[in-house]
Amino acid sequence: MKQLILAYERVSSDEQGKKGFSISEQQNDIETYAMKRGDIIDRHYVDKGYSGTTMNRKNVKKMLKQVADGNVKKIYIKFANRLSRDDTMVRSLRKVFYKYKVEIVSINEDWAAEDDNADKKLSCDLVSRVDRAEPERAKIRTRAGLMMSAKLGNWCVPTVRLGFKKIPNPNSTVKDSQTIAPIDEWRPTVDKIVKMILDHQYPAQKIADILSGANEQNRVWSAKDVLMIATKPEYSGEFEQSYFKSVNHHEGFYSPETRQEMIKIIHGRRRVKKYVYLFKGIVFCQECGGLLTCIPTVKKRKGKNNVMTKTPVYYYFCKECNKRINESKLLEGVLFSYEKRLLMNPDVSEDRKRLIKKIIKIEDSIENLEEEYFDDLIDEIYYKKQRTNLLRKRKQSEKALKEMQCEVNDWKNLSRVEQRKIVKRCLKKVMIDFKKETPSKIATVELKE
Ligand SMILES: [Zn+2]
């Protein structure tokens with residue numbers, strides 16, 4: 001098979017407009033350069049909009065696959081940093097290309113091969129190390145520009161929220177600079193919202209319903225709209241971005257103090273919602289023996305109709321070892337081995353309870369039998385016979401239990417409070433193996449006969 005001569009071009013979204021960096025410029029330069037050296041490019045691999053700090057780029061991966069298949073002779077690039085901006089990655093790429101005998105031709109002469117001398121390799125590594133910092137520095141420059149603009153009172157955020165309009169900035173001498181100002185017709189609406197929160201402490205959804213009912217501003221209101229108007233800094237004339245904060249940045253609807261008051265009320269309302277931890281106080285770290293603390297993390301997810309919903313994710317965290325486990329993983333492990341015990345719900349019928357106890361007894365017998373056999377206390381024939389017997393009994397009981405299932409609340413259908421009650425009644429202590437992300441030891445409360 002013919003060995004290919006490839007070219008690789010990459011441009012990140014930040015570099016798009018930079019001279020010499022566009023894909024077509026890179027391609028033209030490479031074609032010309034290769035021609036001079038008597039080469040014809042068989043195929044171009046292009047990654048557009050990808051950063052050089054990651055190797056998770058669609059076409060570089062495809063190209064490396066070609067390399068690993070041994071189909072490649074040469075790869076043309078314009079700059080070494082097109083392949084990678086990460087010096088450790090550059091070093092491993094160097095080894096890969098050396099292994100598969102691929103020659104890298106960089107127009108900028110800033111690529112070192114594995115068999116180049118140490119000086120060349122070092123200087124190329126240094127360049128790529130500096131390169132890595134470059135996008136960071138560009139970001140800092142952009143931020144500095146934004147900060148200057150915000151300081152002058154300009155609205156340098158792309159979004160203009162409900163109730164605001166863009167106006168020329170009276171405080172800036174720079175041409176075309178814009179700021180935002182409240183739309184006068186919106187003042188009564190925002191006043192209503194403020195009143196409903198401060199005087200009545202209505203929840204956001206109720207306020208939204210009232211506003212929609214009154215056809216306020218001819219629109220349908222959501223709780224999110226209400227929360228936005230009550231808490232976002234621009235409504236109190238404040239500017240709050242990571243690069244710059246200021247009060248009195250532009251004209252707002254109400255004072256910063258009013259905003260703080262509303263945030264307090266809304267926050268207080270939110271805090272009422274308590275997180276129920278199924279395993280609070282009973283999970284321990286296997287490594288250090290410490291009790292795990294509970295930390296809720298709120299995750300935003302796209303739910304029905306593309307509406308963002310917040311769902312808490314429950315974690316158990318070992319401060320000592322700095323490791324955490326997701327509750328669903330933990331639950332999975334516990335349910336896997338102790339489902340029957342966990343389902344000892346008080347509402348469960350007596351029959352079911354009896355069956356569950358029976359199954360647990362059978363399982364204990366199987367365990368005992370196995371131990372006896374391994375301790376040479378019983379012979380193989382007896383062991384096999386007994387084991388088959390027990391397994392058959394277990395299967396029968398489980399089948400019967402399954403048939404009864406409809407009488408019992410399924411675990412998933414129980415509320416978290418109910419689940420918590422069951423866990424508390426059935427489990428004494430759970431040890432967590434963070435390496436396997438699963439419970440390693442589960443101590444159960446003895447079942448009362
Ligand atoms: Zn630990």
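Residues numbered from 1 in each chain as written. Predicted model: local features only at pLDDT ≥ 70, side-chain atom pairs only at ≥ 80, totals over all residues.

To continue, consider the overall build of the protein. Each helix and strand counted, the protein has 12 helices and 14 strands in total. By residue count, 21% of the 449 residues in the protein fall in the buried class. A separation of at least 24 residues holds for 59% of the contacts in the protein among residues at least 6 apart in sequence. (Helix = DSSP H or I, 4+ residues; strand = E, 2+ residues; numbered from the N terminus. Buried ≥ 20, exposed ≤ 12 C-beta atoms within 10 Å, placed from the backbone. Contact = placed C-beta atoms within 7 Å.)

Another point: the environment of Pro 168. On the secondary structure map, Pro 168 appears in strand E5 (residues 164–168). Sequence separation of Pro 168 and Trp 155 is 13 residues, and the distance between their C-alpha atoms is 9.9 Å.

Moving on, we get to the environment of Ser 172. Structurally, the position occupied by Ser 172 is in the loop between E5 and strand E6 (178–182). As a C-alpha pair, Ser 172 and Ser 149 span 23 residues in sequence and 9.1 Å in three-dimensional space. Sequence-distant contacts of Ser 172, defined by excluding residues within four places in its chain, comprise Leu 152, Gly 153, Asn 154 and Ser 177.

Further remarks concern the packing of helix H5 (residues 187–198) against helix H7 (residues 223–231). Pairs of packed helices are described in terms of their axes, by the angle between the two and the distance that separates them. Contact geometry for H5 and H7: axes closest at 10 Å, N-to-C directions at 90°. Regarding the angle of H5 to H7, the classification is roughly perpendicular. Only Val 226, Ile 229 and Ala 230 of H7 make contact with H5, whose side of the interface consists of Val 190, Ile 193 and Ile 197. Across the contact of H5 with H7, the residue classes break down as 6 nonpolar, no polar and no charged. (Axes fitted to C-alpha atoms, helices over the stretch in contact; angles between N-to-C directions. Parallel < 35°, antiparallel > 145°, perpendicular 65-115°, else oblique. Nonpolar A, V, L, I, M, F, W, Y, C, P; charged D, E, K, R; others polar.)

Another point: the sheet that holds strand E2 (residues 43–48). By way of backbone hydrogen bonds, the strands of a sheet pair with one another, either parallel or antiparallel. Read across the open sheet, the 4 strands follow the order E2-E1-E3-E4; overall the sheet is parallel. Whereas interior strands pair on both sides, the edge strands pair on one side only; in this sheet they are E2 and strand E4 (103–106). Direction aside, neighbouring strands of the sheet carry axes that sit 20° apart on average. Relative to E4, strand E3 (residues 72–77) is paired through 4 bridges, and the arrangement is parallel. Looking across to E4, one finds that Ile 77 is bridged to Ser 106. (Pairing = 2+ DSSP bridges.)

Next up on the list: unusual backbone geometry. A positive phi angle, close to 55°, is found at Gln 217, a residue other than glycine. Secondary-structure assignment places Gln 217 in the loop between helix H6 (204–213) and H7. Not every positive phi belongs to a glycine, and Asn 322 is a case in point at roughly 55°. Position of Asn 322 relative to the elements: it lies in the loop between strand E11 (308–318) and strand E12 (323–326). Here Asn 322 falls in the exposed class, since 8 other C-beta atoms lie within 10 Å of it.

So, about H6. Along an α-helix, residues three or four positions apart point the same way, because every turn accommodates 3.6 residues. Looking at H6, one finds that the buried residues are Ala 204, Ile 207, Ala 208 and Leu 211. Around the axis of H6, the buried residues are gathered within 100° of arc, so they sit on the same side. Against H5 and H7 lie the buried residues of H6. Positioned one or two residues after H6, Asn 215 has a phi angle of 50°, which is positive. (Arc of directions from axis to C-beta.)

So, about the packing of H6 against H7. Two elements in contact, H6 and H7, have axes separated by 8 Å at closest approach and are oriented at 105°. Considering the angle they form, H6 stands roughly perpendicular to H7. Facing Ala 204, Gln 205, Ile 207 and Ala 208 of H6, the residues of H7 in contact are Ala 223, Asp 225, Val 226 and Leu 227. Taken together, the residues of the contact of H6 with H7 sort by class into 6 nonpolar, 1 polar and 1 charged.

Let us look at the environment of Leu 4. Mapped onto the fold, Leu 4 is located in strand E1 (residues 4–11). For the pair Leu 4 and Ile 40, spaced 36 residues apart in sequence, the C-alpha to C-alpha distance is 9.4 Å. When sequence neighbours within four positions are dropped, the list of residues in contact with Leu 4 reads Asp 42, Arg 43, Gln 66, Asn 71, Val 72 and Lys 73.

This paragraph deals with the nonpolar core. In this structure, Leu 6, Ala 7, Tyr 8, Ile 75, Ile 77 and Ala 80 are the most contacted members of the largest nonpolar core, which totals 21 residues. A total of 4 residues in this core trace back to one element, the largest contributor, which is E3. The contact partners of Leu 6, leaving out residues within four places of it in the chain, are Ile 41, Asp 42, Arg 43, Tyr 45, Met 63, Val 72 and Ile 75. (Core = buried A, V, L, I, M, F, W, Y, C linked by C-beta atoms within 7 Å.)

As a further point, take the confidence of the model for the protein. Detailed conclusions should not be drawn from predicted coordinates in areas where pLDDT is low. Of all residues in the protein, 90% have pLDDT values of 70 or greater, and the mean over the chain is 84. Summarising per-element confidence for the protein, the mean pLDDT is lowest in helix H9 (residues 327–342) (71) and highest in E3 (96). (pLDDT = per-residue confidence, 0-100.)

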